[in-house]
Amino acid sequence: MADSTRTARITDLARKKARGEKIAMMTAYDAAFARLLDRAGMDVLLVGDSLGMVVLGHQTTIPVTVDVMVHHTRAVVQGASRALVVADLPFLSYQVSTAEALRNAGRLLQEGGAAAVKLEGGRAVTAVVERLVEVGIPVMGHLGLLPQAIHQLGGFRQQATRAEEAERLAEDAHLLQKAGAFAIVLESIPAHLAGRVSSELTIPTIGIGAGPDCDGQVLVMHDAVGLSAYQPPFAKQYAPLGELFVKAAEEYIREVRAGVFPARPA
Ligand code: KIV
């Protein structure tokens with residue numbers, strides 16, 4: 001972002017794409033980590049519904065509700081003073097009707113304090129995207145591996161590997177752009193397809209498991225710092241915080257049991 005102190009806006013992301021500058025996005029689920037990621041200079045903090053898996057311990061993102069998303073979004077917004085905060089619309093919060101989608105997205109902005117929402121899907125959700133954008137709610141799309149459709153997809157595996165699926169995904173990306181989405185996450189698709197879509201669209205693409213040619217990248221924070229129980233093959237671990245945490249906890253336990261902590265007053 002041009003100014004490192006002012007709050008980021010969705011237009012900053014478009015500007016970055018136009019200048020060929022990559023966008024750095026990471027998930028955040030609470031104020032403490034949001035503050036640290038903000039301090040590090042992250043462009044976008046995504047309050048992902050992945051919190052259902054990495055924070056709450058569910059097997060999928062499906063149990064996550066709008067109330068849970070509002071709760072965590074509020075916490076992230078408290079911690080972030082500069083980064084753009086985008087919150088996921090969880091499973092079935094935008095598919096039942098446009099009216100429900102509006103109300104739920106509105107809650108993420110009004111009660112949670114997010115600047116934008118993200119939702120999964122292509123042509124099936126473009127009418128909702130159009131309406132949200134029409135009332136002033138910025139929308140980030142999400143194509144490829146759609147974790148909310150995991151039972152239909154049959155597992156967390158790469159998508160759009162066949163030519164006709166790739167064409168359909170590229171069409172969906174154009175439809176989302178036409179509907180007014182300001183950016184699109186491309187998850188677990190072949191790198192050449194992500195590169196093609198990124199060069200065809202005027203809005204930025206943010207890749208995860210989609211190769212280096214997207215306009216930005218996103219990682220689940222717990223994967224990036226070694227806090228996840230399961231590490232996807234495409235995720236890179238930048239710090240072993242899980243290991244450090246266990247060592248710190250072990251040392252504390254030893255000191256408490258040995259009567260070393262707290263120290264006796266001299
Ligand atoms: O919920 C999430 O964390 C996401 C990212 C994987 C993009 O949608």
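Criteria and thresholds
- Residues numbered from 1 in each chain as written.
- Predicted model: local features only at pLDDT ≥ 70, side-chain atom pairs only at ≥ 80, totals over all residues.
- Heavy atoms only, no water.
- Helix = DSSP H or I, 4+ residues; strand = E, 2+ residues; numbered from the N terminus.
- Buried < 20%, exposed > 50% of the residue type's maximum accessible area, 1.4 Å probe, protein only.
- Contact = heavy atoms within 4.5 Å.
- Near = heavy atom within 4 Å.
- Polar contact = N/O pair within 3.5 Å; in protein donor to acceptor, adjacent residues only side chain to side chain.
- Areas by Shrake-Rupley, 256 points an atom, 1.4 Å probe, with all protein chains shown as cover.
- Pairing = 2+ DSSP bridges.
- Right-handed = clockwise from strand over helix to strand, strands pointing away.
- Patch = residues over 30% accessible without salt bridge, like charges linked within 9 Å, V, L, I, M, F, W, Y side chains within 5 Å.
- Salt bridge = Lys/Arg side-chain N within 4 Å of Asp/Glu carboxyl O.
- Core = buried A, V, L, I, M, F, W, Y, C linked by side-chain atoms within 4.5 Å.

**Quick word on the environment of threonine 98**
Assignment of secondary structure puts threonine 98 in helix H5 (residues 98-110). With a relative accessible area of 31%, threonine 98 lands in the partly exposed category. It is 24 Å that separates the C-alpha atoms of threonine 98 and serine 50, two residues lying 48 residues apart in sequence. Sequence-distant contacts of threonine 98, defined by excluding residues within four places in its chain, comprise Val128 and Arg131.

**Some remarks on the site of the ligand**
Around the ligand, the structure places 13 residues, and the nearest of them are Gly48, Asp49, Ser50, Asp88 and Lys118. Contacts to the ligand include serine 50, whose side-chain N or O atom sits 2.5 Å from an oxygen atom. Within the side chain of aspartate 88, one N or O atom sits 3.1 Å away from an oxygen atom of the ligand. About the coverage of the ligand: the protein hides 97% of its 260 Å² of free accessible area.

**Description of the pairing of strand S3 (residues 84-88)**
Here S3 lies mainly inside the structure; five of its five residues are buried. Along S3, one buried face is formed by Leu84, Val86 and Asp88 and the opposite face, lined by Val85 and Ala87, is buried too. Where S3 meets strand S4 (residues 116-118), three bridges bridge the pair, whose relative direction is parallel. Residue pairing across strands places aspartate 88 opposite lysine 118, the latter belonging to S4. In this view, the connection linking S3 to its parallel neighbour S4 by way of H5 has right-handed handedness.

**A word on a nonpolar patch on the surface**
A contiguous nonpolar patch, built from Tyr252, Ile253, Val256 and Phe261 and spanning about 380 Å² of accessible area, is present on the exposed surface. Turning to its location among the elements, phenylalanine 261 is positioned in the segment after helix H11 (241-257). A relative accessible area of 45% means that phenylalanine 261 is categorised as partly exposed.

**A closer look at the nonpolar core**
Grouped together as the largest cluster of nonpolar side chains are 57 residues, with contacts concentrated most on Leu45, Leu119, Leu132 and Leu186. No other element matches the six residues that helix H8 (residues 163-179) contributes to this core. Those residues within four positions of leucine 119 in sequence are excluded, and the remaining contacts are Leu89, Tyr94, Val125, Val128, Val129, Leu132, Val139, Met140, Gly141 and His142. Counting residues in hydrophobic clusters, the runner-up holds 16 residues, among them Met25, Met140, Phe182 and Ala183.

**Description of the environment of lysine 16**
Structurally, lysine 16 is set in helix H1 (residues 10-19). The class for lysine 16 is buried, based on a relative accessible area of 9%. Distance from lysine 16 to valine 76, taken between C-alpha atoms, is 23 Å for residues 60 residues apart in sequence. From its side chain, lysine 16 meets the backbone oxygen of lysine 22 in a polar contact 3.5 Å long.

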